[in-house]
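Architecture and fold: a report
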Amino acid sequence: MDWLHFLEHNYTPLQFNSVLTSNTDRFSLIHLNFGEVYFEDYAVIYYPEARNEEEMIKIKQLGRLKLCSETLLFVPQDSLAPLIKISYKHCDTLSQWNGQTLRATQQCVYVRATEKILLLEGNNIGPYEQVKKREGYLFQLLYQDITAVLPKIHRLYTIWHQPHDKRIQETLKLTHEQFDHIRFQSMWLSDLFEKIVFEKAGLHVSPMIENPGRVALTNSCLYFQPLNNIYAEPVLRVKLSDLRLVEKRRYLLTHVGIELFA
């Protein structure tokens, strides 16, 4: 079962019983820690550590770097290569690259950590592999300026190292700041004559997963526009005419959830 849950000052969930498809890459919100938020991602080239620059270029990987509230997660384009999950807890360096190798390469984020987790190696579902080894990770941003991306990573790193209660508050604050910059896009309406009668920030909630976004109700459809690009479609849409049942549900021990059967 999948939920939608309204954010802003009071939490209020909504739930779909439909199957939601993920985006085209292998990343899923289930790969994150419980309660972790996925914010955005960037196209990058990952250069693994090697003996020399020539070897680094030879084994480089194209993929996407996911910025999450507790981890950085690299999703390679090669479907046989493992996803690399790096927790801020184990990072000791987050900076712009200024090393001797790849000096001509601009827009590189350098991460050094004492531990990583490998997922879906060989594109096989199995136990995660925990690798305890201090090594560096070099990510070259392809389309974004490092001056815009690196401060976001630093802020997430700083938030993670706050005390637990403070960390939760700061993560919620950051999520709300993201909401302040987005509104439901009317271009996603399926009918030119649709009228938005209700709009609010919300969470799509399913087992072990919470994904923030924007909920909009029109005179003919209910829409959920996620804060990130995790789904295959830019919005989730349910026609009111297709609804068979609407049930009130509890979320965090409060009757603030709605489950929709369509």
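Note that this is a predicted model, so its numbers are computed, not measured.

1. With respect to the overall build of the protein
Assigned secondary structure in the protein consists of three helices and 15 strands. For the protein, the computed accessible surface area is about 14,200 Å², with 52% contributed by carbon and sulfur atoms.

2. Let's talk about the packing of helix H2 (residues 146-160) against helix H3 (residues 164-180)
To describe two helices that pack against each other, one gives the angle between their axes and the distance between the axes. For the pair H2 and H3, interaxial distance at closest approach is 8 Å and the crossing angle is 150 degrees. Relative to H3, H2 is oriented roughly antiparallel. For the pair formed by H2 and H3, the contact residues are Arg 155, Leu 156, Ile 159 and Trp 160 on the first element and Arg 167, Glu 170, Thr 171, Leu 174 and Glu 177 on the second. Classifying every residue of the contact of H2 with H3 by side-chain character gives four nonpolar, one polar and four charged.

3. Description of H2
Taking 1.5 Å of rise per residue, the 15 residues of H2 would be expected to cover 21 Å, and the 21 Å separating its terminal C-alpha atoms lies within 8% of that figure. Looking only at H2, the buried set comprises Ile 146, Val 149, Leu 150, Ile 153, Leu 156, Ile 159 and Trp 160.

4. Quick notes on H3
Between the first and last C-alpha of H3 there are 25 Å, a value that for 17 residues agrees with the 24 Å anticipated at 1.5 Å per step. All of the buried residues in H3 are Arg 167, Glu 170, Thr 171, Leu 174, Thr 175 and Phe 179. Looking at the packing, one finds that the buried side of H3 touches strand E3 (38-48), H2, strand E10 (196-206) and strand E11 (209-218).

5. Description of the nonpolar core
Formed by 34 residues in total, the largest nonpolar core has its most connected members in Leu 72, Val 111, Tyr 137 and Phe 139. Here this core takes seven residues from H2, the largest share from any one element. Beyond its immediate stretch of four places on either side in the chain, Val 111 contacts Leu 72, Ile 86, Cys 91, Thr 93, Leu 94, Glu 135, Gly 136, Tyr 137 and Phe 139. Judged by nonpolar contacts, the second largest core, of 18 residues, contains Leu 73, Leu 83, Leu 120 and Ile 209.

6. A look at unusual backbone geometry
Although it is not a glycine, Leu 120 sits at a positive phi angle of roughly 55 degrees. Topologically, Leu 120 is positioned in the loop between strand E8 (108-119) and strand E9 (129-141).

7. Observations concerning a nonpolar patch on the surface
Together, Ile 30, Phe 34 and Met 208 give the surface a local cluster of nonpolar side chains, amounting to about 360 Å² of exposed area. When you line up the elements, Met 208 lands in the loop between E10 and E11.

8. What about the confidence of the model for the protein?
Residues with a pLDDT of 70 or more make up 90% of the protein, whose mean pLDDT is 85. Under a pLDDT of 50 for its full length, residues 6-12 has, in the predicted model, 27 contacts with residues more than four places off or in other chains. Low pLDDT (under 50) marks residues 17-22, which in the prediction has 16 contacts with non-local residues, meaning those over four places away or in another chain.

9. Considering the pattern of salt bridges
Overall, the coordinates contain 11 salt bridges when judged by the stated rule. For Glu 177, the salt bridge goes to Arg 155, with nearest N and O atoms at 2.7 Å. Here Arg 155 lies in helix H2 and Glu 177 lies in helix H3, a separation of 22 residues in the sequence. When the shortest N-O distance is used, the salt bridge between Glu 259 and Arg 249 registers 2.6 Å. Of this pair, Glu 259 sits in strand E15 (residues 254-261) while Arg 249 sits in strand E14 (residues 245-251), and the two are 10 residues apart along the sequence. Owing to a relative accessible area of 3%, Glu 259 belongs among the buried residues under this scheme. Accessibility expressed as a relative area gives 29% for Arg 249, which makes it partly exposed. One network of salt bridges, with partners in common, ties together Asp 41, Arg 64 and Lys 66.

10. A word on the environment of His 176
As for its position among the elements, His 176 is in helix H3. What makes His 176 partly exposed here is its relative accessible area of 26%. With 25 residues separating them along the chain, His 176 and Ala 201 place their C-alpha atoms 8.6 Å apart.

11. As for the pairing of E8
Extensive coverage of E8 is indicated by the burial of 10 of its 12 residues. Taken together, the three bridges between strand E6 (residues 83-87) and E8 define a ladder with antiparallel strand orientation. Residue pairing in the sheet places Lys 85 in a bridge with Ile 117 of E8. Pairing between strand E7 (residues 91-96) and E8: five bridges, direction antiparallel. Pairing of Leu 94 across the sheet is with Val 111, part of E8. With 10 bridges connecting them, E8 and E9 associate as antiparallel partners. Paired with Lys 116 across the two strands is Val 131, which belongs to E9.

Calculation notes
Every chain is numbered on its own, with residues counted from 1 as its sequence reads. With the structure being a predicted model, the display of local features is reserved for residues of pLDDT at least 70 and the display and counting of side-chain atom pairs for 80 or more, all residues being used for whole-chain, interface and lining totals. As a rule here, side-chain values come from all non-hydrogen atoms in the structure, and water together with hydrogens is ignored. A run of H or I in DSSP counts as a helix once it spans at least four residues, and a run of E counts as a strand once it spans at least two, with each numbered from the N terminus. Surface accessibility in these figures is a Shrake-Rupley result with a 1.4 Å probe; residues are shielded only by whichever protein chains are displayed. Comment: axis = line fitted to C-alpha atoms, over the contacting stretch for helices; angle = value between 0 and 180 degrees taken between N-to-C directions. When describing relative orientation, an angle under 35 degrees is termed roughly parallel and one over 145 degrees roughly antiparallel, while 65 to 115 degrees is termed roughly perpendicular and anything else oblique. When checking whether two residues touch, look at their non-hydrogen atoms; a contact exists if any pair is within 4.5 Å. Amino acid classes used here: Ala, Val, Leu, Ile, Met, Phe, Trp, Tyr, Cys and Pro are nonpolar; Asp, Glu, Lys and Arg are charged; the rest, including Gly, are polar. Expected helix span is taken as 1.5 Å per residue step, with the number of steps being one fewer than the number of residues. Each residue's exposure class comes from its accessible area (1.4 Å probe, protein chains only) as a fraction of the maximum for that residue type: buried when under 20%, exposed when over 50%, partly exposed otherwise. Residues grouped as a nonpolar core are buried Ala, Val, Leu, Ile, Met, Phe, Trp, Tyr and Cys residues, joined through side-chain atoms within 4.5 Å. The patches reported here contain residues having more than 30% relative accessible area and no salt bridge. Joining distances are 9 Å for like charges and 5 Å for nonpolar side chains (Val, Leu, Ile, Met, Phe, Trp, Tyr). Whenever Lys or Arg places a side-chain nitrogen within 4 Å of a carboxyl oxygen from Asp or Glu, that contact is recorded as a salt bridge. Confidence of the predictor at the level of single residues is captured by pLDDT, which takes values from 0 to 100. Here, any two strands with at least 2 DSSP bridges between them count as paired.

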